[in-house]
Each structure stands twice: as C-alpha cells, then as structure tokens.
Amino acid sequence: MPLIPTHEWDCLWLNVHLATMKGESYGEIRDAAIAIKDKKIAWLGAQSDLPDTVELKRKCAQILNGKGLWVTPGLIDCHTHIVYAGNRSHEFEARLNGASYEDIAQAGGGILSTVNATRDATFDELLNASLPRIKRLLAEGVTTLEIKSGYGLTIESEANILRVARHIDAHYPVNVRTTFLGAHAIPPEYKGRADDYITFICEDMLPALHAEGLVDAVDAFCERIGFSAAQTERVFKAATQLGLPVKLHAEQLSNQEGAALVARYKGLSADHLEYLSDDGIRAMAEQDVTAVLLPGAYYFLRETQLPPIQALRDAGVSIAVATDCNPGTSPMTSILLAMNMACTLFKLTPQEALAGVTINAAKALGMQDQVGSLEVGKAADFTFWDIDRPADLAYAMGQNACVQVIKTGLQIVE
C-alpha cells in the first residue's frame, strides 16, 4: 500500500503584513507569509523568499490568501479578575458623589461587596456571569488570559472561582492562567485578625488549592487597605515552598515597597505601580520583574499620580498592559481600549502598548517561550486585523478591526 505523502506545513497564509513584535518598529515584515504545522508557527518571512507555486503546493496542505491584512501575535490580557458575581455601579456613583475608594472599603463595600455576591453564586451562576465578559475580550483578538481568584476568601469559594477559570477553555479556545489571590481582602470572619487570616492562607487554603491543581501563580494586595509587606512576604514564602511563582498588586494607592518585595522573590510582575519608588524600579530591573500597567483602574478611580513610565523605560523594565477587568475599579472588557488608555493617559507609544499586550504580557505570565510574538516554534496564536498600520490598534477608540483569530492553528473568529 503506497504511503500517503505528508505535507511540511499544514497551512500557509500569503499576502499578509506581519507585526512579529521582535525587534524595532513592531518587528514588521511587509508583503509576508506565515505557515503553521502541528499547532505551531513553522515558517514566516517575506513572501518573496518562498519557493515557486508548484513547490508550494507540494509543501502545503492548504494555501490561503491573507488579503493584505496585518497579523499580530494573539493578544494577552495578563491581569484580570474577570470571574465574579454581582454589580458595584452604586460604588461608582458614590465616588462621583465624593466618597473615596478607601472610604467605601472601610465602610464594608469595595472588594467585600463582591465577595458576598461571589460566595452566594453557584459554579454555573459564576460561569454564566463570566462567559460574556470573556467573550468580549476574545472578540478583540485575545488568545491568552489570566484570571485571578480573590472574591471568595474561603477554601470553598476560592476553589469555585478557580474551577470556573479552569473550565473556560471548555467553552472558548483560550489559554487561561489562574492566579490565587486569597490575600485580596480580610474576610468578615477574620475582621481585626489579619495575621490569623494570613496563617489560614499559608497553612490551609493555598496548599489545598494547589493540591487540586488550580493554581498557576500567587498574588496579593499589598496596600494600606490590604496587607502589609510583612504579611505579603509570608504568602510569598508559602508559595515559594510549593514551587509557585509570585506577582503582586503593588504601589497602587501608596508606596508599601511591594515592588522591591516581589523582586526579592524573583516574581513575575508588579502591577499598578502609580506610587512606585526609584528603589522599587531598581529592584525590578535587577530581577527582571515585569511592570504591568492598568490604565482602566487609573481612569476609573480618577487617580492623578502617574506611574513613573520614563524611569521604568530608563531602567529597562519590561512594560505590560492589561484591562484589570473587575467590578469595582476597572469594569472593562476591551484590551484595545486598555491600549489606547495606556497611550493617552500614560504616554506609552503605540508600539509599547502593543508590546504590552503581546510579548511583555507573555513575560508577565511566564509564558514568553510559548506565546507573545510571531516566531518559529511558538504556538500558532495570531490575529488578523483590517488596519493600515499597527499603530491603528491603539489609536482607534471604540473600533474593533479584528477580522480573524487563529488559536493553536485553528480558526476561531472570522
């Protein structure tokens, strides 16, 4: 029986422009082509470097016309709290009537308001509330998503959130990385006993959730209304003992030296960073910790303290951008709007913004060897855009130019 010939490439797109996000100027390759094999990028480059048509037909199982579209890596939202129940528009209204975020939190609102609603939600209720939010991100070319817990604050409720997050890929083709954020707020049953709650996290909650395979990384909210640096360090020690990487909500409302702390533990990222100090920047640079900017929260809270963008640039710190999707401070499900905000509010360049939701976002999740740029050997996760140039993605507010999404070699949006 004759052997069935195998093709070197499963699929090849001709007539595209690539923003590889490697090197200068978006890593642009105009008049290009890109090929995939076994769910990975197998070849990319100038179309003129391809063999003639006859040879191509032998080489490829399928050849498609990219119609002059731009192709970027699949976008990555590397900081979300997107699995939750309830609504906090009343707090938005209260802030506009003069209350501060800290006032609301100290009065029993804020994170604890969402904790109560999320604790009351079943798995199915939480899943059904979260899927529409996730769908909106995926429609904008997102192929990788981080989801934090932190709205349960008991073993059972935190597990429920993380199980929902683990179940997302049964509904949508997306990479989901889960982050345990038990140290998000002090639950009502531990009021006035923050140290006891940290003990519970370290000795009971985190080990149980890790043993169930629900945790990819560990986070904490190091802030005056959250947890002290000493309490946060206890969580980091427990995570490290379990072999889990750490990251941190740091310097959002005040300088608690959280960035330096996460750097000491060689963490993946420090996020928010409005009140980041020079010492914190140096520590992040020395340990190659990624800075994750969250312009949605800055905008929504009407913050006036800007993150030290130029100092981060000067120190060579990688800068990522994310939606911070959550019900209290950034109810945003648009990664493209986050890019625009990063440019208009934080003065990132469009290239920095796109790097912030691709290659640098991948680094913030410890996935830079798998996704985040168009390179041979990386996952075939990329997005086709009907744009004139890559800067259009950060420029056009309220517009979604996503035409097609390829996830691990399979078309999922057109």
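Under an unreviewed UniProt entry, the name given to the protein chain is Imidazolonepropionase, and the organism recorded is Hydromonas duriensis. Its UniProt record gives the protein chain a comment under Subcellular location (unreviewed entry), which states: "Cytoplasm". The heading Pathway (unreviewed entry) in the UniProt record of the protein chain holds the text "Amino-acid degradation; L-histidine degradation into L-glutamate; N-formimidoyl-L-glutamate from L-histidine: step 3/3."

(A) Highlighting the nonpolar core. Of all hydrophobic cores here, the largest spans 104 residues; its most connected members are I147, I168, V215, V218 and M284. For this core, the two domains that each supply at least three residues are domain 1 (9-74 + 373-413) and domain 2 (75-365). Those residues within four positions of V215 in sequence are excluded, and the remaining contacts are L162, R166, T178, F180, L206, L209, H210 and L244. Core analysis: the second largest hydrophobic core is formed by 16 residues, L18, I34, A380 and F382 among them.

(B) Quick look at the UniProt feature "binding site: N-formimidoyl-L-glutamate" (unreviewed entry) in the protein chain. Feature annotation in UniProt assigns "binding site: N-formimidoyl-L-glutamate" (unreviewed entry) to the following positions: Y151, N326 and G328. Spanning 178 residues, the named residues nonetheless gather at one spot, since no C-alpha pair among them exceeds 11.5 Å. Here, the largest cavity is lined by Y151, N326 and G328 out of the annotated residues. Structurally, N326 can be placed in the loop between β13 (319-321) and α13 (335-346). Among all residues touching N326, those that are not within four sequence positions of it are H81, Y84, Y151 and P331. A distance of 2.7 Å separates a polar atom in the side chain of N326 from the backbone oxygen of D324. With respect to the element layout, G328 can be found in the loop between β13 and α13. Leaving out residues up to four positions away in the same chain, G328 has contacts with R88, R95 and F300.

Definitions and cut-offs
Residues numbered from 1 in each chain as written. Predicted model: local features only at pLDDT ≥ 70, side-chain atom pairs only at ≥ 80, totals over all residues. Heavy atoms only, no water. UniProt positions renumbered as here; feature names shortened; annotations may be inferred. Core = buried A, V, L, I, M, F, W, Y, C linked by side-chain atoms within 4.5 Å. Buried < 20%, exposed > 50% of the residue type's maximum accessible area, 1.4 Å probe, protein only. Domains from an automatic or database assignment. Contact = heavy atoms within 4.5 Å. 1 Å grid on protein atoms, 1.4 Å probe; cavity = no way out; pocket = protein on both sides within 12 Å on 5 of 7 lines; lining within 4 Å. Helix = DSSP H or I, 4+ residues; strand = E, 2+ residues; numbered from the N terminus. Polar contact = N/O pair within 3.5 Å; in protein donor to acceptor, adjacent residues only side chain to side chain.

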